[in-house]
There are 2 protein chains.
Amino acid sequence: MLIVHKYGGTSVGSLERIENVATRVAKAREEGNDIVVVVSAMSGETNKLIEYANNFSSTPAKREMDMLLSSGERVTASLLAIALQERGVDAIAMTGRQAGILTDSNHTYARIESIDSKPMQSEIDKGKVVVVAGFQGINRDGAVTTLGRGGSDLSAVAIAGALHADACEIYSDVDGIYTTDPRIEPKAKKMDFVSYDEMLELASLGAKVLQNRSVELAKKLNVKMIAKSSFSDAEGTVIGEETEDMEAVLVSGIALDRNQARVTIREVSDKPGIAAEIFSKLAEEGINVDMIIQNASTTDGTTNLGFTVPTSEIEQAKAVIEAFDHDIGQMDLDDSVCKVSVVGVGMKSHTGVAATAFCALADENINIEMISTSEIKVSMIVSEKYAELAVRTLHASYNLDK
Amino acid sequence: MLIVHKYGGTSVGSLERIENVATRVAKAREEGNDIVVVVSAMSGETNKLIEYANNFSSTPAKREMDMLLSSGERVTASLLAIALQERGVDAIAMTGRQAGILTDSNHTYARIESIDSKPMQSEIDKGKVVVVAGFQGINRDGAVTTLGRGGSDLSAVAIAGALHADACEIYSDVDGIYTTDPRIEPKAKKMDFVSYDEMLELASLGAKVLQNRSVELAKKLNVKMIAKSSFSDAEGTVIGEETEDMEAVLVSGIALDRNQARVTIREVSDKPGIAAEIFSKLAEEGINVDMIIQNASTTDGTTNLGFTVPTSEIEQAKAVIEAFDHDIGQMDLDDSVCKVSVVGVGMKSHTGVAATAFCALADENINIEMISTSEIKVSMIVSEKYAELAVRTLHASYNLDK
């Protein structure tokens, strides 16, 4: 089997932890597998380099930032290869460029365009463990590019796809995907399997284990991901294509996102184009609008328009609305809300999932301020003070602790 | 004018110092010059990375060491480019690879084979200051290589040669080349000019300002080097081709090398090949033999063979000699010696330079244990306790303080 391992910043956060990773990789190699390892920078390194750059400029050039930031992963990759060699494991370190990772020129947030897997395959064929510096590639001009925060996950999945690896194991400090955050609901259970689509919803809704772009890419390339802990031997959670019998499981997990603020604009003229104009302006300013609710217009021909933005962008959103030149009514802001979401592919073929959620919250007297649904999730905005209670209530109401 | 600046680890040793370098480069640019800057890693960084690697292995693979160590210079180059851009100086950072530096595959001590100067020239033509990560290149396989300690000097000279730069200014924490070490002889004078050959002798004899390989390369490529301080505006010392009127200056400087140990082997059979065999064995072990003295044989057909090695290699040298299977006499070791040297191209056309040295030391009752001369230098091994006295005496005897 050819397996890609990916170790995040915490897993390689000290020299001792790099030794620990070397032990794990050596063991996987001894078991007869071909191994490619993708590593992040040691935790704290990337932030340190960003601080350095910000010391010189609040808007450092992105091309130079990429050259700067790509150095952390190279350090880890070199050190891990050295640690493996010392254990008698034949290993070779590669930069993103050497691993054939070609990206577009969108510095600090580049997209992988293609991977020339020949250099890696050639070393694998020689029996070597290939250790690749994650998070980076080069563009057509030969400039170093980086893939954005969490980009090493993306490197790992793309490499797994290019090499037709049997699995892409993503190691972190948690041992898999849980039905909800165990810090909130101690009865949360680790899932053995979760579908790409469910994982995408869970990740975008606040579960931090896997980066959304990497799950999207895994789905596209049909790469089997496994979320595992680098500090234990526990079985992880497989993220893969959903199967038919999965629909028997109604709901997979409950996600919580505290980073939400609600904006309501009252008495918006119910004329075509007004909402479009508001959201265009918000988009121009780079504000990430999440949920949007527009009620049917009242008898006076106006409507209430509600939406949520990340808490950090609330002031910016306020400024945009205040500068709006059409006649709109009062603006109401609330940054003490959160979003709880129920996720599961089983919803597709079952009715009543949303009703269960609404009833469960009503039983606890939790008022639902906004609702948004998709084929496989129901998201609800509630007051932040109810966050933990809402998660626990929903977790129990779908029997996720059983 | 096109000028290459090179800033060493101390000159870029902190964020404040990188700001200081940015100020200097911006000023040189404002004066209308085209500027290429070559930078070292921030002081301490390279040693930190070596310690990291040694934590995993006492003999880390050199290929991986190069990938590891090359990261430090990339960080400095990126940060300096960012600092320049913030000052409104158009700048671009380049890795060794991007700057077109192709080396052989002798990892950790690679030689520059060629420089494709087009990428740098193209940016210069756009009006940009090019900031190059020193100390590194790539080999024909695309692997990262490094040039050995002090390799950034070598990068700077090679780049100056490839771009036909008007000068290569080497910035450090000292403001030029002195007639001798000012810590020993406060009357030491900074030289305005020193020839390549004198600088080579001075560097190999203990003056630490410029790395020997870079001076050799500068001589070969006829690059004018200027040793300057990054902490003052003092004029530096030009290192260039010697001119005819230089011969009027008898002696340029006095160098001291404390890192010397003397080995004398008595009663070596004065047969052809014995000395050759001894020095071959020493070379096989990688021991750097410096001065060698063999006296004429005595009437019993034996001779005394003397040589010096770096102090750190004395035990190794002893082991080689003791394992020698021919009949040789007693070995006498002395690690409390030093080498004082008188250097000057003027010696070529003047007699009596050596005699002046011998007389000066004799006047102070300093016994000369070994002597070695070349066209432009006289080196003498004396007891280390006389080191400072010998330097001051010789400095005065050639009127270098005038």
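Scoring rules and cut-offs
Residues numbered from 1 in each chain as written. Chains lettered and ligands numbered in written order. Predicted model: local features only at pLDDT ≥ 70, side-chain atom pairs only at ≥ 80, totals over all residues. Helix = DSSP H or I, 4+ residues; strand = E, 2+ residues; numbered from the N terminus. Rg over C-alpha atoms; globule rule 2.2 N^0.38 Å. Buried ≥ 20, exposed ≤ 12 C-beta atoms within 10 Å, placed from the backbone. Contact = placed C-beta atoms within 7 Å. Pairing = 2+ DSSP bridges. Axes fitted to C-alpha atoms, helices over the stretch in contact; angles between N-to-C directions. Least-squares fit on C-alpha atoms with pLDDT ≥ 70 in both. Parallel < 35°, antiparallel > 145°, perpendicular 65-115°, else oblique. Nonpolar A, V, L, I, M, F, W, Y, C, P; charged D, E, K, R; others polar. Left-handed = near helix turned anticlockwise from the far one by under 90°.

Asker: I keep staring at the overall build of chain A and nothing clicks. Help me out?
Answerer: When helices and strands are tallied, chain A shows 11 helices and 18 strands. In terms of overall size, chain A behaves like a compact globule, its C-alpha atoms giving a radius of gyration of 23 Å where 402 residues would be expected to give roughly 21 Å. Taken along the three principal axes of its C-alpha coordinates, chain A extends 75 × 50 × 35 Å. Taking all 402 residues of chain A together, the buried fraction comes to 48%. For chain A, the proportion of contacts with a sequence separation of at least 24, taken over those separated by at least 6, is 75%.

Asker: I keep staring at the sheet that holds strand E13 (residues 253-269) of chain A and nothing clicks. Help me out?
Answerer: What links the strands of a sheet is backbone hydrogen bonding, and the strands pair in either a parallel or an antiparallel sense. All names here are of chain A. Strand order in the open sheet formed by 6 strands is E14-E15-E13-E16-E18-E17, with antiparallel pairing between adjacent strands. Two strands lie at the open edges of the sheet, namely strand E14 (292-294) and strand E17 (368-374), each paired on one side alone. Geometrically, the sheet is characterised by an average inter-axis angle of 25° between neighbouring strands, direction not taken into account. Contacts from helix H10 (residues 353-363) reach strand E16 (331-343), E17 and strand E18 (377-383) within the one sheet, and its direction differs from that of E18 by about 20°.

Asker: Hey, could you run me through the relation of the copies chain B and chain A in this one?
Answerer: Between the two copies of the chain lies a relationship made up of a rotation around an axis and a movement along it. Rotating chain B by 180° and translating it 0.0 Å along the rotation axis places it on chain A, where the RMSD comes to 0.1 Å. Here the copies are linked by what is in effect a two-fold axis. Measuring from the rotation axis to each C-alpha of chain B, the shortest distance belongs to Ser71(B), at 2.6 Å. Interface overlap between copies: 100% of the residues of chain B at the interface are likewise at the interface in chain A, consistent with a symmetric, same-surface contact.

Asker: Looking at this structure, I do not really get the packing of helix H5 (residues 151-162) of chain A against helix H7 (residues 212-221) of chain A. What am I missing?
Answerer: Any two packed helices are characterised by how steeply their axes cross, that is the angle between the axes, and by the distance between the axes. All names here are of chain A. Between H5 and H7, whose axes approach to 8 Å, the crossing angle comes to 10°. One finds that H5 runs roughly parallel with respect to H7. Residues Asp-153, Leu-154, Val-157, Ala-158 and Gly-161 of H5 lie in contact with H7, whose contacting residues are Arg-213, Ser-214, Leu-217, Ala-218 and Leu-221. Of the residues contributing to the contact of H5 with H7, the split by class is 6 nonpolar, 2 polar and 2 charged.

Asker: In this structure, what is going on with the pairing of strand E6 (residues 129-133) of chain B? I would like to understand it.
Answerer: The side chains of a regular strand alternate, first on one face of the sheet and then on the other. Residues and elements named next belong to chain B. The buried fraction of E6 is high, at 5 of 5 residues. Of the two faces of E6, both are covered, the one formed by Val-129, Val-131 and Ala-133 as well as the one formed by Val-130 and Val-132. Pairing of strand E2 (residues 34-39) with E6 involves 4 bridges; the strand directions are parallel. Across the sheet, the residue bridging to Val-38 is Val-132, located in E6. When strand E3 (residues 91-94) meets E6, the two strands line up parallel, connected through 4 bridges. Residue pairing across strands places Met-94 opposite Val-132, the latter belonging to E6.

Asker: Where do I start with the pairing of strand E9 (residues 167-172) of chain A in this structure?
Answerer: Residues and elements named next belong to chain A. In terms of burial, E9 is a largely internal element, 5 of the 6 residues being buried. Relative to E9, strand E1 (residues 2-7) is paired through 5 bridges, and the arrangement is parallel. Within the sheet, the bridge partner assigned to Val-4 lies in E9 and is Cys-168.

Asker: Would you take a moment to explain the packing of helix H2 (residues 45-56) of chain B against helix H3 (residues 62-86) of chain B for this structure?
Answerer: All names here are of chain B. Contact pair H2 / H3: the axes reach a minimum separation of 9 Å and the direction vectors enclose 150°. On the basis of their axis angle, the class for H2 and H3 is roughly antiparallel. When the axes of H2 and H3 are compared, the crossing they make is right-handed. Residues Glu-45, Thr-46, Leu-49 and Ala-53 of H2 lie in contact with H3, whose contacting residues are Met-65, Leu-68, Leu-69 and Gly-72. Split into classes, the residues belonging to the contact of H2 with H3 amount to 5 nonpolar, 2 polar and 1 charged.

Asker: Help me understand the environment of Ala255(A) in this model?
Answerer: Among the structural elements, Ala255(A) can be located in strand E13. When the C-alpha positions of Ala255(A) and Ser341(A) are compared, they lie 5.1 Å apart, and in sequence the two are 86 residues distant.

Asker: I would appreciate a short explanation of the interface of chain B and chain A in the present structure.
Answerer: Accessible area lost during the coming together of the parts is what is often quoted as the interface size. Taken together, the contact pairs 26 residues of chain B with 26 residues of chain A. Residue assignment for the side of chain B that touches chain A shows that the elements contributing at least two residues are H2 and H3 of chain B. Looking at the side of chain B that touches chain A, the element that brings in the most residues is H3(B), giving 13 residues.

Asker: Quick question: what am I supposed to make of the sheet that holds strand E11 (residues 225-229) of chain B here?
Answerer: Residue and element names in this part refer to chain B. Strand order across the open sheet formed by 8 strands is E3-E6-E2-E1-E9-E11-E12-E10, with mixed pairing between neighbours. Single-partner strands in this sheet number two, and they are E3 and strand E10 (193-195). Adjacent strand axes in the sheet meet at a mean angle of 20°, parallel and antiparallel pairs treated alike. Against the sheet, helix H1 (residues 15-30) engages strand E1 (2-7), E2 and E6, with an angle of about 160° to E2. Contacts from helix H4 (residues 118-125) reach E2, E3 and E6 within the one sheet, and its direction differs from that of E6 by about 150°.

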